[in-house]
Amino acid sequence: MTVYYMCFLLFLVGLYGMVTRRNLIKIVISFTIMEFSVFLFFALIGYVENGEAPILTKNLPENPVFVDPLPQAMVLTAIVIGLATSAMLLAIAIRLYKKYGTFNIREINNLRG
Amino acid sequence: MSNLVPLYVILPLACAFLIPIVGRFIKGFQKALLSLVLLILTILSFHLIFGGLDQPVTYRVGGWEASDGIPIAIYLVMDGLSAFVLLIVNLIGLLATIYSISYIKKYTAENNFYALLSLMIAGMNGVVLTGDMFNLYVFLEIAVIASYALVAFGIEKTELEASFKYQVLGGIASLLILLAIGMLYWHTRTLNMADISGLLANSSHGPFMTFTQILLISGFGLKAAMIPFHAWLPDAHSSAPSPISAMLSGVLIKAVGVYALLRLFFNMFALTYEISLVITVIGTLSMVIGVFLAIGQWDLKRLLAYHSISQMGYVVMGVGMGMILMVQGGDRSVAALAIAGGLFHMINHAVFKGLLFLNAGAIEYVTGTRNLKMMGGLFKSLPLTTTTSLGASLSISGIPPFNGFFSKLIIIVAAVKGGFYLLAVLAVLVSIVTLASFMKFQRYAFFNKSTFSRKIREVPFPMSLSMVVLVIFCLALSLLIFPGVREVMLTPAVDVLMETTNYATTITGM
């Protein structure tokens, strides 16, 4: 159970970083930390203690216990989506740097109210 | 019939693929293709609604049959509620596309614009149709990533800033939803919503499930921009190109926010009093605070964006009242009335807010400003825009015979009948403040003294066509109040939400 709590702690670390950091790139990094804590959670819920790889082979033990392959498939999909989000965030961050000449979000504040 | 269901996802996706490739060689290909596809899908939605959708239609992706009653394939489910929301998505999408034909000429990358728009529509159609939790997340991300790019489409300072803000908050929302999906899978070992519903009905509701539900409410609340989570909406919706603002405000926050929330909390989880109360309170707060934030705005599109928060508050409040009545075992007909009012206001809001954003786009197109103080006297030079925006403004402020009046009336009547007197009073009050706010818009934009020295001409034909069609819908949707039309469009959608367990039994039973 500890490992799940630590995974959630990682999620909160990412969230803290996103809320408190002032640098665009650091915000993106915090976002990625948060993202990967969720991926880690998915990998954890698929894991079964002493489980076999979910492949039907001839020399399986009696009454085999398989690990759950579905969360792994989901994590792969989620990683690809995460790549798209990170790429999009970084692309916008670079554009913002070109317009404002800074990564500091304190100085990027045209929008008010 | 069931083979037609995946077309909603396939056709816009194919568009998104073909437009950047073929559109480079053939002039006008992108506009023609996307308009045609959305026209087909809109007609299909009307056909499904009016041509009898007695039973929910399911489509199994890959054709895998359920084994031992456990669904294996990803299910696409088309029932009354999905058909209703699909109609909103594709209709507003079609009109926004037609509007874009002239509007988008001032931007350079037309192909990319249409490709992203079709991607966004594909994602939203997928969210509405899917019956699988993880698939919901995938389609949701398709829709919102396309919308991040579209918000930043102007690549000026404000657009980029709004897009970054939107992405940060949208990203947090997506991760909360993904985490909740993981927890649901951990608990039930299945992803099919109908299957999860069946399993959850047999197990007790512990703190674990409550935590999952709170994660989902925060995630979808952020997507729907309900009040504690609303910070991104005014920036993002006002910075996007106007047809996209119409899509974001009119459709996106409904399809990926409110629709998903309703589907999950009515048809997947067992209703509980606490959750219903939270949803009603969030709706009421959005309704009241949103309108007071709107009233001080002088940027036209920001004003409209804040009103979106407020009007979506009506929808969520109406449905939330229905939820509370159902949990407490109150009068089911009153609960049905409250939910019907909420859903009715949802389609109305899509139509009139879409129209208002298109009007704002038309004003920006001819005058080049969004600041209300710098407009004035436009009604002489823009008669069509003035008329249509007057229709939409009357509609949003709830003046008969426009559609907004009837949906607000239903919500207020349901609140009084259900004993929520405070909410009824607040709904009336917010409606009056909305009227004041839109009188300000009308006065400053169209009827004050003109400040423009140069000659202003009416907008091109495709833009005016979209606006006129929408104002006709503003009037025509009032018909939904009458029996006969109501039974065809509104009642099937309400029934899906009222018969909470039916969803699970019909889908797993097939």
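Please refer to the structure placed before this passage.
Residues numbered from 1 in each chain as written. Chains lettered and ligands numbered in written order. Predicted model: local features only at pLDDT ≥ 70, side-chain atom pairs only at ≥ 80, totals over all residues. Heavy atoms only, no water.

**A few points about the overall build of chain A**
Part 1 of the argument: Within chain A, the secondary structure is distributed over three helices and zero strands.
Part 2 of the argument: Tracing chain A from N to C terminus, the helices and strands come up as α-α-α.
Part 3 of the argument: For 113 residues, the compact-globule formula gives about 13 Å, and the C-alpha radius of gyration of chain A, at 20 Å, lies well above that figure.
Part 4 of the argument: Each principal axis of the C-alpha distribution contributes one length, and for chain A these read about 65 × 25 × 20 Å.
Part 5 of the argument: Counting across all 113 residues of chain A, residues that qualify as buried make up 35%.
Part 6 of the argument: When contacts within chain A are restricted to residue pairs at least 6 apart in sequence, long-range pairs at least 24 apart make up 50% of them.
Part 7 of the argument: Counting only carbon and sulfur atoms, one obtains 64% of the accessible surface of chain A, whose full area is about 7000 Å².
Part 8 of the argument: Each charge class in chain A can be summarised by its mean position, and for the 9 positive and 6 negative side chains these summaries are 28 Å apart. (Helix = DSSP H or I, 4+ residues; strand = E, 2+ residues; numbered from the N terminus. Rg over C-alpha atoms; globule rule 2.2 N^0.38 Å. Buried < 20%, exposed > 50% of the residue type's maximum accessible area, 1.4 Å probe, protein only. Contact = heavy atoms within 4.5 Å. Areas by Shrake-Rupley, 256 points an atom, 1.4 Å probe, with all protein chains shown as cover. Lys, Arg positive; Asp, Glu negative; His and termini not counted. Charge placed at Lys NZ, Arg CZ, Asp CG, Glu CD.)

**Description of the pattern of salt bridges**
All names here are of chain B.
Part 1 of the argument: Counted according to the given criterion, the structure contains eight salt bridges over all chains.
Part 2 of the argument: A salt bridge links Glu487 to Arg486; the nearest nitrogen and oxygen atoms lie 3.9 Å apart.
Part 3 of the argument: Look at Arg486 and you get partly exposed, because its relative accessible area is 32%.
Part 4 of the argument: Connected via shared salt-bridge partners are Lys165, Asp235 and Arg302. (Salt bridge = Lys/Arg side-chain N within 4 Å of Asp/Glu carboxyl O.)

**Focus on the nonpolar core**
Part 1 of the argument: Judged by nonpolar contacts, the single largest core of 237 residues is most densely connected at B:Met78, B:Met124, B:Phe164, B:Phe265 and B:Leu343.
Part 2 of the argument: Among the elements that take part in this core, helix 13 (residues 332–367) of chain B stands out by supplying 20 residues, more than any other.
Part 3 of the argument: Sequence-distant contacts of B:Phe164, defined by excluding residues within four places in its chain, comprise A:Leu24, A:Ile27, A:Val28, A:Leu89, A:Ile92, A:Ala93 and A:Leu96. (Core = buried A, V, L, I, M, F, W, Y, C linked by side-chain atoms within 4.5 Å.)

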